[in-house]
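Spelled out, the chains give:
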Amino acid sequence: MNYSRQRESILQYLRSTTCHPTAETIYQNIRLENPSISLGTVYRNLALLAEIGEIQKLSDFEGSDRFDWNTTLHYHFICRECRSVSDLDMDTLDHINLLAAHKFNGIIEGHITHFYGICPNCLNKESK
């Protein structure tokens, strides 16, 4: 893959945040330094980066896809109030693959797990 300044700026932005941004958020932030970049360019580069495994595309959320630079197996928490997405610091549930394979005649290669609830920020708002 050839070097691309736009692609590098997308990767750099993703590495600088833990908020799992949407393509629109990435676009708005990159435009500050590169006003000539288009939303289409951001979408195309995100699709390419996800396809080659440089980033994760998180598509199981209501609304827009989210993106994560961390491609290692880890889990996400989605707040049902503010829709924020955050990483959960926990051990992986590798044994779940064996449980799923127990009565499945195919091959289980992995799993995706998301946790839902209310984030600490929203809990604090509710208690006030």
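These figures come from a predicted structure and were not determined experimentally.

1. Quick notes on the side chain of Asn97
Thinking step 1. With respect to the secondary-structure elements, Asn97 resides in helix H4 (residues 95–101).
Thinking step 2. Apart from residues lying up to four places away in sequence, Asn97 is in contact with Ile108, Gly110 and His111.

2. A short note on the layout of surface pockets
Thinking step 1. Reported here for the largest pocket is a volume of approximately 300 Å³.
Thinking step 2. Top element by residues in the lining of the largest pocket is strand S1 (residues 56–58). It accounts for 3 residues.
Thinking step 3. Its volume calculated, the second largest pocket comes out at about 240 Å³.
Thinking step 4. Lining the second largest pocket, in full, are Arg5, Gln6, Ser9, Gln12, Tyr13, Ser16, Asn29, Ile30, Leu32, Glu33 and Asn34.
Thinking step 5. Elements that contribute at least two residues to the lining of the second largest pocket include exactly helix H1 (5–15) and helix H2 (23–31).
Thinking step 6. If you tally residues by element for the lining of the second largest pocket, the top one is H1, at 5 residues.
Thinking step 7. Of the residues contributing to the lining of the second largest pocket, the split by class is 3 nonpolar, 6 polar and 2 charged.

3. Observations concerning the sheet that holds strand S5 (residues 114–117)
Thinking step 1. Read across the sheet, 3 strands follow the order S4-S3-S5 without closing on themselves; strand pairing throughout is mixed. With one partner strand each, in any of the chains shown, strand S4 (85–88) and S5 form the two edges of the open sheet. Neighbour-to-neighbour, the strand axes of this sheet turn through a mean angle of 30°, independent of strand direction.
Thinking step 2. Examined bridge by bridge, strand S3 (residues 75–79) and S4 share 4 bridges and lie antiparallel to one another.

4. Quick word on the nonpolar core
For soluble globular proteins, nonpolar side chains are generally found buried alongside one another.
Thinking step 1. Of all hydrophobic cores here, the largest spans 14 residues; its most connected members are Ile10, Leu14, Ile26, Val42, Leu46, Ile55 and Phe67.
Thinking step 2. Where this core is concerned, the elements lending two or more residues are H1, H2 and helix H3 (39–51).
Thinking step 3. In this view, Leu46 contacts Ile10, Leu14, Ala23, Ile26, Ile55 and Phe67; residues no more than four positions away in its chain are not counted.

Calculation criteria
- Counting starts from 1 at the beginning of each chain's written sequence and moves along it residue by residue.
- Local features in this predicted model are restricted to residues whose pLDDT is 70 or higher, and side-chain atom pairs enter the listing and the counts only when it is 80 or higher, whereas totals over whole chains, interfaces and linings include all residues.
- Only heavy atoms go into the side-chain values, all of them from the structure, while hydrogens and water stay out.
- A helix here means a DSSP run of H or I that spans at least four residues, while a strand means a run of E at least two residues long, and both kinds are numbered starting from the N terminus.
- Two residues form a contact once any of their heavy atoms are found within 4.5 Å.
- Site definitions follow a grid-based scheme: protein atoms alone, a 1 Å grid, a 1.4 Å probe that fits but cannot get out for cavities, and for pockets an open set with protein on both sides within 12 Å along at least five of seven lines, plus lining residues having an atom within 4 Å of a point.
- Grid points are joined across faces, edges and corners, and a volume is the space filled by probe spheres set on the points.
- Under this grouping Gly is polar, as are all residues other than the nonpolar Ala, Val, Leu, Ile, Met, Phe, Trp, Tyr, Cys and Pro and the charged Asp, Glu, Lys and Arg.
- Two strands pair under a simple rule: DSSP has to find at least two bridges between them.
- Only the contacting stretch of a helix is used when fitting its axis, a line to C-alpha atoms as for every element, and angles between N-to-C directions run 0 to 180 degrees.
- What is meant by a nonpolar core is a set of buried Ala, Val, Leu, Ile, Met, Phe, Trp, Tyr and Cys residues, joined one to another through side-chain atoms within 4.5 Å.
- The buried label applies to any residue whose accessible area, calculated with a 1.4 Å probe on protein chains only, is under 20% of its type's maximum; exposed applies above 50%, and partly exposed to all values in between.

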